[in-house]
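Per-entry structural report
Each chain is listed here by its residues.
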Amino acid sequence: MADTKAILKVGDKEVELPIFEGSAGHPVIDVRSLGGAGYFTFDPGFMATGSCESQITFIDGDKGVLLHRGYSIEDLARDADYLEVCYMLLHGEAPTTEQYAEFKNTITRHTLVHDQVNNFFRGFRRDAHPMAMLCGTVGALSSFYHDDLDISEADQRLRSAYRLVAKMPTLVAMCYKYNIGQPFVYPRNDLSYAANFLNMMFSVPAEKYQISDAVERAMDRIFTLHADHEQNASTSTVRLAGSSGANPYACIAAGVASLWGPAHGGANEACLNMLEEIGSVDRIPEFIERAKDKNDPFRLMGFGHRVYKNYDPRATVMRESCHEVLAELKVNDPLLDVAMELERIALNDPYFKEKKLFPNVDFYSGIILKAIGIPTNMFTCIFALARTVGWISHWHEMLSQPGQKIGRPRQLYTGHTQRPFSKINK
Ligand code: CMC
């Protein structure tokens, strides 16, 4: 299978390591036999480690390329909607018109959650962070939908995937409604995926909610641009949790937990908090200086990326949407002025240019969400909603691969070697 080999000299031993070429991207050196030679590889943070084989998403961080199933994110953002992207992530091919209609119908008819789920919400404090509630309630779905869950069967795996894609908007909107003390709004089957979500978020029984086309389009685009991103921290978490054969809803709860952190999906919330802290355009230089100061832990949230060291193609598309939404909604918010000025200054600053730090997708999505009227603490929930399809597609792919193994990394141990234990007097 491997055309070329790497030879690794360890002491006086030589180990031959096969090199595998993918269809695109860097080749990988297969180090699995190294353990037999008495060595492990060491790569904290996975700076150069491929953890799996995948056919779902490809990223070329230097060229700013992002492909889902071979289709570029720019084409998808322009010509496809989120449900089409969901279909291709799960099934490998873009849907035909008939497949799309059937998929849309299936998702639409799975959006309700079991009524008992309401009781889970009632157990949370009203001021609980929505991500805390989301993590708990997604995991709780494992106690409702376990009857047809033989994860070795592709059909049953896909059924869980459909349920998750369908129910995430309902759960996310419930988190919001619970927070603000409004009644939960049931899904509506006559609306698109994005419009249904907005309706569950913003309508109240007393009044009809008018959904603007621009907002519905922007919401769908935010979902599309967050749908998958290869082996990022939360996706790798879902894969690792799922590698033991764990329940898919519990695995997605693990993904939600991982996404929550400010270095990952929590960045859009952190970014808006930062803009609030900056407060006004005249204070931007002070914060730029802090970001450059090695002794100051402050970072410009919404800037930089582990993989994209040139530009983030999602950010380019999101930027367009951002400017479109701001113009269309004619929102007048000083925070958005701070964001636009920060973008301008940072893009022209030699430090940021040299380190290839540019606004990432979360910078722009945060601004759009703010303009739409979504509170900051809901931002990461929306990211989780959109990313669920990516997580579950990876979980599905992993379990369909022959010879799938439980994930079990090794370590470089630097603690005490064996030492005597002295009993204390109790
Ligand atoms: N502001 C100021 N300096 C930064 C920033 C930033 N946002 N990001 C990186 N740097 C500097 C960093 O100090 C380091 O400098 P030096 O080389 O002098 O030590 C250099 O750039 C490289 O940074 P790194 O931390 O080694 O890079 P990384 O690949 O480990 O980190 C990152 C990537 C996204 C965690 C980081 O850029 C960051 O913390 N950004 C802010 C949080 C954020 O916006 N995250 C969302 C990422 S996109 C959505 C997602 O994937 O979930």
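Residues numbered from 1 in each chain as written. Predicted model: local features only at pLDDT ≥ 70, side-chain atom pairs only at ≥ 80, totals over all residues. Heavy atoms only, no water.

- As annotated in an unreviewed UniProt entry, the chain carries the name Citrate synthase and comes from Pseudobowmanella zhangzhouensis.
- UniProt annotates the chain under Catalytic activity (unreviewed entry) with the comment "oxaloacetate + acetyl-CoA + H2O = citrate + CoA + H(+)".
- In its Sequence similarities (unreviewed entry) section, UniProt records this for the chain: "Belongs to the citrate synthase family." (UniProt positions renumbered as here; feature names shortened; annotations may be inferred.)

Quick word on the sheet that holds strand 5 (residues 65-68)
- Strand order in the open sheet made by the three strands is 4-5-6, with antiparallel pairing throughout. Because the sheet does not close on itself, it has two edges, and the strands there are strand 4 (57-60) and strand 6 (71-72).
- Here strand 5 pairs with strand 6 via two bridges, running antiparallel. Along strand 6, the bridge assignment pairs L67 with S72. (Pairing = 2+ DSSP bridges. Helix = DSSP H or I, 4+ residues; strand = E, 2+ residues; numbered from the N terminus.)

Points about the pairing of strand 1 (residues 4-10)
- For strand 1 and strand 2 (residues 13-20), the ladder comprises seven bridges, and the chain directions are antiparallel. Following the sheet pairing, T4 is matched in strand 2 by I19.
- Counting the residues in the hairpin turn of strand 1 and strand 2 gives two residues, including G11, whose phi is positive at 60 degrees.

Here's the deal with the nonpolar core
- L134, M219, F223, L300 and L342 are the most contacted members of the largest nonpolar core, which has 120 residues in total.
- With 14 residues, helix 6 (residues 154-180) is the single largest residue contributor to this core.
- Contacts of M219, omitting those with residues within four sequence positions, involve A194, F197, L198, L369, I372, I374 and I382.
- Counting seven residues, the second largest nonpolar core, distinct from the first, contains A6, V15, L34 and A37. (Core = buried A, V, L, I, M, F, W, Y, C linked by side-chain atoms within 4.5 Å. Buried < 20%, exposed > 50% of the residue type's maximum accessible area, 1.4 Å probe, protein only. Contact = heavy atoms within 4.5 Å.)

With respect to the site of the ligand
- Taken together, 22 residues surround the ligand, and among them H264, K294, R299, L300 and G302 come closest.
- Contacts to the ligand include K294, whose side-chain N or O atom sits 2.5 Å from an oxygen atom.
- Between the ligand and K355 there is a distance of 3.0 Å, counted from an oxygen atom to a side-chain nitrogen or oxygen.
- Grouping the constituent residues of the shell around the ligand by class yields ten nonpolar, six polar and six charged. (Near = heavy atom within 4 Å. Polar contact = N/O pair within 3.5 Å; in protein donor to acceptor, adjacent residues only side chain to side chain. Nonpolar A, V, L, I, M, F, W, Y, C, P; charged D, E, K, R; others polar.)

Re the sheet that holds strand 1
- One open sheet accounts for three strands, arranged 1-2-3; its pairing is antiparallel. Taken across any chain shown, the strands that pair with only one partner, and hence form the sheet edges, are strand 1 and strand 3 (28-29).
- As paired elements, strand 2 and strand 3 share two bridges and run antiparallel to each other. Following the sheet pairing, I19 is matched in strand 3 by I29.

Details of helix 7 (residues 193-202)
- For helix 7, the buried fraction is high: nine of the ten residues fall into the buried class.
- Taken residue by residue, helix 7 has Y193, A194, A195, N196, F197, L198, N199, M200 and M201 as its buried positions.
- Each element contacted by the buried residues of helix 7 is listed here: helix 2 (82-91), helix 3 (97-108), helix 6, helix 8 (213-225), helix 16 (361-372) and helix 17 (379-400).

Digging into the packing of aromatic side chains
- Considering all chains together, one arrives at 19 aromatic pairs under this definition.
- Plain terms: the ring middles of Y87 and F103 are 5.4 Å apart, the flat faces sit at 85 degrees to each other, and that makes the pair edge-to-face. Pair noted here: Y87 is in helix 2 and F103 is in helix 3, with a separation of 16 residues, a long-range link. Just as Y87 is buried, F103 falls in that class too.
- The rings of F303, Y351, F352, F363 and Y364 are connected pair by pair, giving a single aromatic cluster. (Phe/Tyr/Trp six-rings, centres within 6.5 Å; stacked < 30°, edge-to-face > 60°.)

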